[in-house]
Amino acid sequence: MYIKDFVKELLPIQNLDNLYIVADFDRTITNGSSKTSWSILANTDLVPKEYSLERHRLYDIYRPIEVDTSLSFDYRMKMMSEWFRAHIELFVKYKMTEEVFENAATNLRVMEFRTGAQEFLTFLWENKIPLIIISAGIGNFIEAFLKKYNCYFDNIYVSSNKILFKNGIAVGVGENIIHSFNKNEVSLPPEITSKLKDRNQVLLLGDQTSDLNMVDKNLHDSVITIGFEPNDPNDPCNSLEDFQVSFDIVCEPHESYIDLQKILF
């Protein structure tokens, strides 16, 4: 596990009453080989084949743009909003039902916790440490996954793309679309910010360097950033070298939340 020297002096964290966590979900709380929450429907037989074909077509168009660092950030950000909106429109086009989402959510074998993540979430709950999950995934499935494993504790708040239904049929997404490049624009509701106002130390957890935008370091006394190195060593956006420059702590693929918790607390 890579740890920057200045962070070693801050560990273990002593005052848990001053701490809260901001975390990504897909492949941060779930393991690196899990499918993303966007992939759940495509990995079932509950949806029309046409939906899966169109979904893959969108992926082939927009995924290369997402990872092409030679393109301007503003352009990539615009294209990510376009991609996510187009995918959500497929739910509406094919009249995806709430029942389909609920049935898919009961079969979440394509997603698994990172080793020790359930125990880590339980530790946060037992110590009344707020956990804010900011995810570019689908909130319906994230919440269902946490509930399935009895980990959707009352200290957890999920800010993600929540699919809305009217008369049981998908009609769109609640509030603004969240993608990998605009997590810094997420606005938390007053009932959540009130729980954080006296907490000035933040742990940020992510699996992409873009996750660093979830927290503004200038607004807090202390921010320690933790990156889970992707399983793919050829990922052009998230090399080990980039991670060690960008994150304060880097967990390699074989390292777990058990290892991380021992170091942090």
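Here, every reference points to the structure presented above.
Below: a short report on this structure.

Reading guide: rules and limits
- Residues numbered from 1 in each chain as written.
- Predicted model: local features only at pLDDT ≥ 70, side-chain atom pairs only at ≥ 80, totals over all residues.
- Heavy atoms only, no water.
- Pairing = 2+ DSSP bridges.
- Helix = DSSP H or I, 4+ residues; strand = E, 2+ residues; numbered from the N terminus.
- Contact = heavy atoms within 4.5 Å.
- Axes fitted to C-alpha atoms, helices over the stretch in contact; angles between N-to-C directions.
- Buried < 20%, exposed > 50% of the residue type's maximum accessible area, 1.4 Å probe, protein only.
- Arc of directions from axis to C-beta.
- Parallel < 35°, antiparallel > 145°, perpendicular 65-115°, else oblique.
- Nonpolar A, V, L, I, M, F, W, Y, C, P; charged D, E, K, R; others polar.
- 1 Å grid on protein atoms, 1.4 Å probe; cavity = no way out; pocket = protein on both sides within 12 Å on 5 of 7 lines; lining within 4 Å.
- Points joined across faces, edges and corners; volume = space filled by probe spheres on them.

Our next topic: the sheet that holds strand β7 (residues 201-206). Strand order in the open sheet formed by seven strands is β1-β9-β8-β7-β2-β3-β4, and the pairing between neighbours is mixed. Looking at which strands have only one partner, the edges of the open sheet turn out to be β1 (2-3) and β4 (156-161). With three bridges connecting them, strand β8 (residues 222-228) and strand β9 (residues 249-251) associate as parallel partners. Across the sheet, Gly227 pairs through a bridge with Val250, a residue of β9. Its contacts with the sheet place helix α6 (residues 139-148) against β3 (131-138) and β4, and it is angled at close to 150 degrees to β4. Sheet contacts for helix α9 (residues 257-264): β1, β7, β8 and β9; angle to β8, the most-contacted strand, approximately 160 degrees.

The next thing to look at is helix α5 (residues 117-126). Burial in α5 covers these residues: Ala117, Phe120, Leu121, Phe123 and Leu124. Looking down the long axis of α5, one finds its buried residues gathered within 155 degrees of arc, a one-sided arrangement. For α5, the elements touching its buried residues are β2 (19-23), β3, α6, β7 and α9. Lys128 lies just past α5 and shows a positive phi near 55 degrees.

Where helix α2 (residues 49-67) contacts helix α3 (residues 73-93), the axes come no closer than 9 Å and their chain directions differ by 170 degrees. Comparing their axes, α3 and α2 come out roughly antiparallel. On the side of α2, the interface is formed by Tyr51, Glu54, Arg55, Leu58, Tyr59, Tyr62, Arg63, Ile65, Glu66 and Val67, while α3 contributes Tyr75, Arg76, Met79, Met80, Glu82, Trp83, Ala86, His87, Leu90, Phe91 and Lys93. Along the lines of polarity and charge, the residues of the contact of α2 with α3 split into 13 nonpolar, one polar and seven charged.

Take empty space enclosed by the protein next. For the structure shown, the criterion picks out one cavity of 30 Å³ or more. Its boundaries defined by the atoms lining it, the largest cavity holds a volume of some 40 Å³. Taken together, Ile21, Ala23, Ile29, Ala117, Phe120, Leu121, Leu124, Leu131, Leu205 and Tyr257 make up the full set of residues lining the largest cavity. Of all elements in the fold, only β2 and α5 reach the threshold of two or more residues within the lining of the largest cavity.

Burial of β8 is extensive: seven of the seven residues sit out of reach of the surface. Because side chains alternate across β8, one face comprises the buried residues Ser222, Ile224, Ile226 and Phe228, and the other comprises Val223, Thr225 and Gly227, equally buried. As paired elements, β7 and β8 share six bridges and run parallel to each other. When the sheet's bridge partners are listed, Leu203 is paired in β8 with Ile224.

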